[in-house]
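Observations on chain architecture
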2 protein chains.
Amino acid sequence: MSLPLKLQSPSPIGLQTQIFEQVREMILQGRLRPGEPLPATRSLSEQLGISRNTAALAYERLAAEGYIETRHSVGTFVSMQIPEHALHAATRKDIAPARTARRTKAVSGHRDFRSQALVNPHGRRLVADFWVGRPDPDSFPRKTWARLILRRLLSAGSALTEYRDPSGLIDLRQAIADRVRPTRNIATNADEIIIVGGCQDGLNLVSRLLVTPGSTAVVESPCYQGAAFLFESFGATIVPVPVDDRGLDCRRLPDVRNAIAYVTPSHQYPLGVTLSLERRLGLLAWAAETNSYILEDDYDSDFRFHGAPIAALKGLDRTGRVIYLGTFSKCLGAGLRLGYVILPPELVERARHMKTLMNNGQPWLEQATLADFMQSGGYEHHVRRIRKLYFSRRNALLSSLSEHFPGGETIGDEAGMHLAWRLPRHLPPASKVESLAIEAGIGVYTLASGAAVNFDASAESDRFLVLGFSSLKEREIAIGISKLADVLAKGPTSPRRSKSARG
Amino acid sequence: MSLPLKLQSPSPIGLQTQIFEQVREMILQGRLRPGEPLPATRSLSEQLGISRNTAALAYERLAAEGYIETRHSVGTFVSMQIPEHALHAATRKDIAPARTARRTKAVSGHRDFRSQALVNPHGRRLVADFWVGRPDPDSFPRKTWARLILRRLLSAGSALTEYRDPSGLIDLRQAIADRVRPTRNIATNADEIIIVGGCQDGLNLVSRLLVTPGSTAVVESPCYQGAAFLFESFGATIVPVPVDDRGLDCRRLPDVRNAIAYVTPSHQYPLGVTLSLERRLGLLAWAAETNSYILEDDYDSDFRFHGAPIAALKGLDRTGRVIYLGTFSKCLGAGLRLGYVILPPELVERARHMKTLMNNGQPWLEQATLADFMQSGGYEHHVRRIRKLYFSRRNALLSSLSEHFPGGETIGDEAGMHLAWRLPRHLPPASKVESLAIEAGIGVYTLASGAAVNFDASAESDRFLVLGFSSLKEREIAIGISKLADVLAKGPTSPRRSKSARG
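These figures come from a predicted structure and were not determined experimentally. (Residues numbered from 1 in each chain as written. Chains lettered and ligands numbered in written order. Predicted model: local features only at pLDDT ≥ 70, side-chain atom pairs only at ≥ 80, totals over all residues. Heavy atoms only, no water.)

Comments concerning the overall build of chain A
- Helix and strand content of chain A: 17 helices and 19 strands.
- Taking 503 residues into account, the globule formula puts the C-alpha radius of gyration at 23 Å, and chain A, at 30 Å, lies well above it.
- For the C-alpha atoms alone, the extent of chain A along its principal axes is close to 90 × 65 × 50 Å.
- Residues counted as buried form 64% of the 503 residues belonging to chain A.
- Of the roughly 18900 Å² of accessible surface on chain A, a fraction of 51% belongs to carbon and sulfur atoms.
- In chain A, 63 side chains carry a positive charge and 51 a negative one; their mean positions are 4 Å apart. (Helix = DSSP H or I, 4+ residues; strand = E, 2+ residues; numbered from the N terminus. Rg over C-alpha atoms; globule rule 2.2 N^0.38 Å. Buried < 20%, exposed > 50% of the residue type's maximum accessible area, 1.4 Å probe, protein only. Areas by Shrake-Rupley, 256 points an atom, 1.4 Å probe, with all protein chains shown as cover. Lys, Arg positive; Asp, Glu negative; His and termini not counted. Charge placed at Lys NZ, Arg CZ, Asp CG, Glu CD.)

Written as C-alpha cells, this is what we have:
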C-alpha cells in the first residue's frame, strides 16, 4: 500500500503542505474511498524520503480536519464520516462553470455598471501627459509628513489596534471645521463632518442614503464620470442639465420631487466654469421647492489664482439642502485616500451609521498625521506654495497655447489644476486631435477620455480638450504644446510616416 | 449711509471674512436690496476702525461672487443681477426644516438600517473589559513599522499623489497570494485578490455585486452583525441557519436558488466552533446545486492553538463558488483598515470595477508598508509571537473560569481571540450577568451585545457570554474573572449596596 504522491523540493510550498493537499485531493476526488487504509507514517516517510515527523504532521492535519482517522494500534483510514454524495457534488466540475457567464448577471440582478477612469488609459510612456487631477509629485511634504507620522506612530497606544469612531478622528474633523469657515465660508462643527476615503467614498455614502432605483439624479452635462456612473449603478434616472459659461443652467432643472443634484460650483468638472451667484440661488430655490438635496463636490477649490476662493454653495444654504464633499486628493494626493463630507444636521446620524456599515471608517495613522499637519499650520503653507506653483504652470500653458494656437479659447482657467480648451476652427475634432497627439507621445484628452461623461452628442462637444497642468514642469508644458502644434501642422498621416522613417 | 456691521477682534475669523459674510447675509436676507448703494471703502474703514485695504479686499470678494458691483467714479451698489424670488426661496427658513424628519426616509426609500457595534458600548472605564476582537495594543510592531513606513515614504515618487490600481498594490496582493497557499491551502494569484478597507468594505464589495432586494442571504444563527445588518440594508431576505457544535447545520440550508451564504467556518462568530468537513462539503454541494455563492469570512484563522490552522473552505472549492474575506484587523490592528477579498475568476473583473466605483481603492502607504513587512518575513514572525501570547491569555482565562465557575462550559477555545462561555446552571441569564458585571466594572457580553445578531429568542440562547481575551494581560484576566465571581456570588442587589457604601 503506497500513495502516488509527487513532492517537489525545493518548493515554496512546504513538504507537509504538499502531502496534506495531495492526500486531501485524492480523498475528495474519490481516488481514496471512505474506510480505505493509508500507509503508516513510517512507511510513507521511507517511500518519500522525508522525515517521519513531516509525515506525522501531515497526517495530524488531515485527521484534525476530518479527512482521515487513526484507530489505535490498528492503523490509519480515510474517514467514514464523509458523505459520498457530498463529495461528488462538491467536486463535480460539470455543474457550475458552464453556466457562470450568464449567471453572474442573473444572481446580481444589477444592471451592468461602468466605473470612472482614474489613470491614464494609455499604457506607454508619454513625452508630456496633460492627464487631469494630478498634484505635483515633488511637492508632497515628505519630510514634514515623515516627522509627524513617526511621532503619532510611536505614541499610538491602542489607536492602531482598535476600532475607532467610524465618522473619523475628532482632531481631524475639528481641523476641517476650523478651516472651512475662513476659506469656504461654511459655518459648521466637527459633529457634522464625516471623514471618508476620498470623494468617491463620500459619493457612495450619500448615494446609499438618498439614491434608490427610479429616483432622479441631476448631473451637470458634461459631468464627472465617478458621480454619474455611481448614480447609474444604484438605478437612478440620470437627468443631465447643460452647463454654459455661468455653470449649470438652473432654468432647465427638472420639475421632479425628492431628487439629488450633483454639482461642482467652484470649478465645474470638466469645463472649469464657476457657477454664478444667480444660478446658485436658483439651484437652492429649486432644491427647496422640489424637496431635493444638492451634492456639492468642491474638489479643487483651493486653487483660485485671482482673489479669494469663491465661497462654497454650502455656505449659502439656509435650509439644510446642501451636502458638501471635500477632498485631500488634490491638495495633498490621491494616494492618501482622505476626504470629508459635511452634512445637514438631519442627515448626520444616518450617515454615521451608514459609514459604519460601509467600511468602519478610515485608517487612523493618516488621519492623525493630517490633523497635526493642519493644526500646525503646515497645510495652509503647503496650499499657498502649490497654488503659486500651479499658477506658474497655468501661465506657461496659456502662453504656449496662445503662441502655437492663436485661434483657440481657454475656459475655466481662473482656478484649478486643469483647463478646458476649445480648439481653433482649423483643427480637426477633439477626438481626432487626441489620437494624433497620443500617437506622437503627447497626452491630451477629450471630455469623454478625461473622466467626464459627455451627454451631448453634437459636433460642438467634440471641440473641447481638457488639459491638466499641475503635475507638469513649465518646460514640459512648453515642449508638449509645441510638439502638439508640430503634429497637427503635419496632419494625420505624418506620425505614421515619421515612424516608418525611424523603423 | 453706514452698514450695521459687528466685527469681533481678536477672532479666529479674519476681519475681511467677517465683513464679507455679514454684507452677504444682509443682501441675502433682503436688508440690502438690489441697486442700493454701499458706503465707499474709505468711509467703511473709518466707521469700523480697520485698514482701507481690508475693506477693499472684502468688497473685491463680494464683487467677484456677484453680490455687489462697482460703477466707475459713481460708487458701489448691491447687484441688480440677483433675482429677488431666488433670494427669498433660498433663504426662507420656513420651507424645509419642518418636514425634514419624515422626509429623509421618503427621499431615501431605504428601509431603516442598523449598524454593527464596534467599540465597547459602555463609555466608562472598566477594570477588566472582555470586549471582543481587540489585538494586544503593546504587540503592534511599532519600530519595524516605523522603519518600513519611512523608507517607503521618502522614496514615494508619485505614489502618494496619484491614483493607483483600485484593486490594490501589486506587491501586497502578491505577498498575500504567497501566504494563503501554505497557511490556508488556497491556491490563487495576485490577479484574483482585491485589497479592501477591512472585512466590512469587502462585504460591501461582494454585496454590491450579488445582493439585491428580495435575494436570499443565508447567515449563521447567531451571526456577526456587520454582515447581517449589511445584507438587510440591501433589502435581502435573511435566512438564519442554526449553528451547533459542528458549525452551521447544512441540512437546514434553504431550497432557494441564487442565494449568498455568509459563513465563518474556521472559528464561527460568535460561538467559536469549527465547521466540520462533512458540513463543509455539504455547504459546497448546496451552493453548486442552488447556483449560490458562499462568502467565507476567515477573520481570525491565524490563531489556532493546537496543530496547523484548519484549511480554508475556499481551498476545497472546485466550482468557483467561494469568495474569501481576509483581514489584517486581527493580526495587526483594525486601525490599519486593511483586508482582502479572493474572488472566483468569473467575478474578478466586475469586482475591480465595483471597487473603483466604491472608493478608488485603499491608501498607498499602508499597503506598501504591509507588503514589505510580509515579504521580509516580519509578519510571519509577528503572527507566531502573538499566537503564543494569546495562547497564554486563553489559558489564563480557562483556568480562571474553571477555578471560579466549575459548572461552566467553554466553546470555541481552540482558536481565535475570544471564546463563548455557557454559564453554569446556577447563574442568572447572560443578559443579567452582563449588567451586573458592567455595574461592577467588568465587561462581559451577551451574544447580542458582542456584535452578534441572535435570531434565537429561546431562554437557552441567553446562557452564553462572549469573552475576548487577546487584549488583556493574564493578571487582568485573573482579576476580572475573580471579581465577576464575587459580584455573582453576592447576587443582584450587592453592587448597588457596595456603591452606596462608598458614596
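Observations regarding the side chain of Thr264 of chain B
- For Thr264 of chain B, the location among the structural elements is in the loop between strand 10 (260–263) and helix 10 (277–290).
- Not counting residues up to four positions away in its chain, the partners in contact with Thr264 of chain B are Glu220, Tyr269, Asp297 and Tyr299 of chain B. (Contact = heavy atoms within 4.5 Å.)

A short note on the relation of the copies chain B and chain A
- With an RMSD of 0.0 Å, the fit of chain B onto chain A corresponds to turning through 180° and sliding 0.0 Å along the axis. Classification of the inter-copy transformation places it as that of a two-fold axis.
- Same-surface contact between copies: 99% of interface residues of chain B are shared with the interface of chain A. (Least-squares fit on C-alpha atoms with pLDDT ≥ 70 in both.)

Some remarks on empty space enclosed by the protein
- Under the definition given, this model contains eight cavities of 30 Å³ or more.
- Put simply, the largest cavity is a space of about 330 Å³.
- Contributing to the lining of the largest cavity are 23 residues, with Gly133, Tyr224, Tyr299 and Lys330 of chain A together with Tyr163 of chain B lying nearest its centre.
- Contributing elements (two or more residues each) for the lining of the largest cavity: helix 8 (199–210) and helix 11 (329–333) of chain A.
- Residues of the lining of the largest cavity, tallied by class, amount to 12 nonpolar, seven polar and four charged.
- Lining the lining of the largest cavity are residues from two domains, each supplying at least three of them: domain 2 (128–134 + 381–497) and domain 3 (150–376) of chain A. (1 Å grid on protein atoms, 1.4 Å probe; cavity = no way out; pocket = protein on both sides within 12 Å on 5 of 7 lines; lining within 4 Å. Points joined across faces, edges and corners; volume = space filled by probe spheres on them. Nonpolar A, V, L, I, M, F, W, Y, C, P; charged D, E, K, R; others polar. Domains from an automatic or database assignment.)

Topic: the sheet that holds strand 1 (residues 37–38) of chain B
All names here are of chain B.
- Ordered in space as 1-3-2, the three strands form an open sheet in which the pairing is antiparallel. Where the open sheet ends on each side, the last strands, each with one partner, are strand 1 and strand 2 (68–71).
- As paired strands, strand 1 and strand 3 (residues 75–78) are joined by two bridges and run antiparallel to one another. Within strand 3, the residue paired with Leu38 across the bridge is Thr76. (Pairing = 2+ DSSP bridges.)

Some points on the sheet that holds strand 8 (residues 237–244) of chain A
Residues and elements named next belong to chain A.
- The eight strands are arranged 5-13-12-11-10-6-8-9 in an open sheet whose pairing can be described as mixed. Because the sheet does not close on itself, it has two edges, and the strands there are strand 5 (193–196) and strand 9 (247–248).
- Contacts from helix 7 (residues 170–184) reach strand 5, strand 12 (322–327) and strand 13 (339–342), with the element oriented near 110° to strand 5. (Axes fitted to C-alpha atoms, helices over the stretch in contact; angles between N-to-C directions.)

Examining the packing of helix 7 (residues 170–184) of chain B against helix 13 (residues 364–375) of chain B
Residue and element names in this part refer to chain B.
- Helix 13 packs onto helix 7 with a crossing angle of 35° between their chain directions and a minimal axis gap of 8 Å. Seen along the crossing, helix 7 lies across helix 13 with a hand that is left-handed. Between helix 7 and helix 13, the contacting residues are Asp171, Leu172, Ala175, Ile176 and Arg179 on the first element and Gln367, Leu370, Ala371, Met374 and Gln375 on the second.
- Broken down by class, the residue content of the contact of helix 7 with helix 13 amounts to six nonpolar, two polar and two charged. (Left-handed = near helix turned anticlockwise from the far one by under 90°.)

Examining the interface of chain B and chain A
- In this assembly, 124 residues from chain B lie in contact with 123 residues from chain A.
- With both sides pooled, the region where chain B packs onto chain A buries about 11100 Å², and carbon together with sulfur makes up 57% of that total.
- Among the residues of chain B in contact with chain A, Tyr163, Arg318 and Leu357 of chain B are the three that bury the most area, contributing 7% of the side total.
- Where chain B meets chain A, there are six salt bridges.
- Between Arg318 of chain A and Glu25 of chain B there is a salt bridge whose closest N-O contact spans 2.3 Å. (Buried area = accessible area lost by both parts, 1.4 Å probe. Salt bridge = Lys/Arg side-chain N within 4 Å of Asp/Glu carboxyl O.)

Regarding the pattern of salt bridges
Residues and elements named next belong to chain B.
- Going through the model one piece at a time under the given rule, you end up with 44 salt bridges over all chains.
- Across the pair Lys473 and Asp138 runs a salt bridge whose closest N-O atoms are separated by 3.2 Å. Separated by 335 residues along the polypeptide, Lys473 in the loop between strand 19 (464–468) and helix 16 (474–490) and Asp138 in the loop between strand 4 (128–129) and helix 6 (142–154) bring together distant segments of the chain.
- On the basis of relative accessible area, Lys473 is assigned to the partly exposed category, the value being 41%.

Describing the layout of surface pockets
- By volume, the largest pocket amounts to about 980 Å³.
- Along its surface, the largest pocket is lined by 45 residues, and Glu162 of chain A together with Trp131, Val132, Arg134 and Ser471 of chain B are the ones closest to its centre.
- Counted by class, the lining of the largest pocket contains 18 nonpolar, 12 polar and 15 charged residues.
- In this structure, the second largest pocket encloses a volume near 550 Å³.

Describing the environment of Pro254 of chain A
All names here are of chain A.
- On the secondary structure map, Pro254 appears in the loop between strand 9 and strand 10 (260–263).
- With 15 residues separating them along the chain, Pro254 and Val239 place their C-alpha atoms 7.6 Å apart.
- Apart from the residues within four sequence positions on either side, Pro254 is in contact with Val218, Val239, Val241 and Trp286.

Let's talk about unusual backbone geometry
Residues and elements named next belong to chain A.
- For the bond running from Ser9 to Pro10, omega is 0°, close enough to zero to count as cis.
- Tracing the backbone shows Pro10 in the segment before helix 1 (15–28).
- Of note, the bond from Ser221 into Pro222 is cis; its omega dihedral lies within 30 degrees of zero at 5°.
- Not every positive phi belongs to a glycine, and Asn185 is a case in point at roughly 55°.
- Among the secondary structure elements, Asn185 is positioned in the loop between helix 7 and strand 5.
- Since its relative accessible area comes to 2%, Asn185 is described here as buried.
- The backbone of Arg337 shows a phi angle near 50°, a positive value even though the residue is not glycine.

Some points on the confidence of the model for chain A
Residues and elements named next belong to chain A.
- Averaged over chain A, the pLDDT score is 89; the fraction of residues at 70 or greater is 90%.
- Here residues 92–110 is modelled with pLDDT under 50, and outside its nearest four sequence neighbours on either side it reaches 33 contacts, counting other chains as well.
- Predicted confidence is poor over residues 493–503, with pLDDT under 50, and the contacts of this stretch with residues over four places away or in other chains come to three contacts. (pLDDT = per-residue confidence, 0-100.)

Considering the state of the cysteines
All names here are of chain A.
- As enumerated under the stated definition, the model contains zero disulfides over all chains in all.
- Cys199 supplies the cysteine sulfur nearest to Cys331, a cysteine that is in no disulfide, at a spacing of 12 Å.
- Assessed through its relative accessible area of 4%, Cys331 is described here as buried. (Disulfide = S-S within 2.5 Å.)

Describing the pairing of strand 13 of chain A
All names here are of chain A.
- Neither face of strand 13 is open: one carries Gly339 and Val341, the other Tyr340 and Ile342, and all of them are buried.
- Two strands pair when backbone bridges link them, and strand 12 and strand 13 are joined in this way by four bridges, in the antiparallel orientation. Bridged to Thr327 within strand 13 is Gly339.

Digging into helix 15 (residues 430–439) of chain A
- Inspection of helix 15 of chain A places Ala430, Val433, Glu434, Leu436, Ala437 and Ile438 of chain A among the buried residues, and these make up the whole buried set.
- Two residues or fewer past helix 15 of chain A, Gly441 of chain A is found with a positive phi of approximately 85°.

What to know about the packing of aromatic side chains
- Applying the stated criterion across every chain, the model contains 30 aromatic pairs over all chains.
- Between Phe140 of chain B and Trp145 of chain B, the ring centres sit 5.5 Å apart and the planes meet at 70°, which makes this aromatic pair edge-to-face. Considered together, Phe140 of chain B and Trp145 of chain B belong to a single accessibility category, that of buried residues.
- Of the aromatic side chains, those joined through ring pairs into one cluster are Phe140, Trp145, Tyr324, Phe328, Tyr340, Phe373 and Tyr379 of chain A.
- Over the face of the ring belonging to Phe234 of chain A we find Arg208 of chain B, whose NZ or CZ atom lies 3.9 Å from the ring centre. (Phe/Tyr/Trp six-rings, centres within 6.5 Å; stacked < 30°, edge-to-face > 60°. Lys NZ or Arg CZ within 6 Å of the ring centre and 35° of its normal.)

Some points on the pairing of strand 19 of chain B
All names here are of chain B.
- The buried count for strand 19 comes to five of five residues, which makes it a mostly enclosed element.
- Neither face of strand 19 is open: one carries Phe464, Val466 and Gly468, the other Leu465 and Leu467, and all of them are buried.
- For strand 15 (residues 418–422) and strand 19, the ladder comprises five bridges, and the chain directions are antiparallel. Looking across to strand 19, one finds that Trp421 is bridged to Leu465.

Things to note about the nonpolar core
- Membership of the largest hydrophobic core comes to 136 residues, with the highest contact counts inside it found for Phe130 and Trp421 of chain A together with Phe130 and Trp421 of chain B.
- In this view, Trp421 of chain B contacts Leu401, Phe405, Gly408, Glu409, Thr410, Leu427, Arg463, Phe464, Leu465, Leu467 and Leu484 of chain B; residues no more than four positions away in its chain are not counted.
- Residues Leu210 and Tyr299 of chain A together with Cys223 and Tyr445 of chain B belong to the second largest nonpolar core, which totals 106 residues. (Core = buried A, V, L, I, M, F, W, Y, C linked by side-chain atoms within 4.5 Å.)

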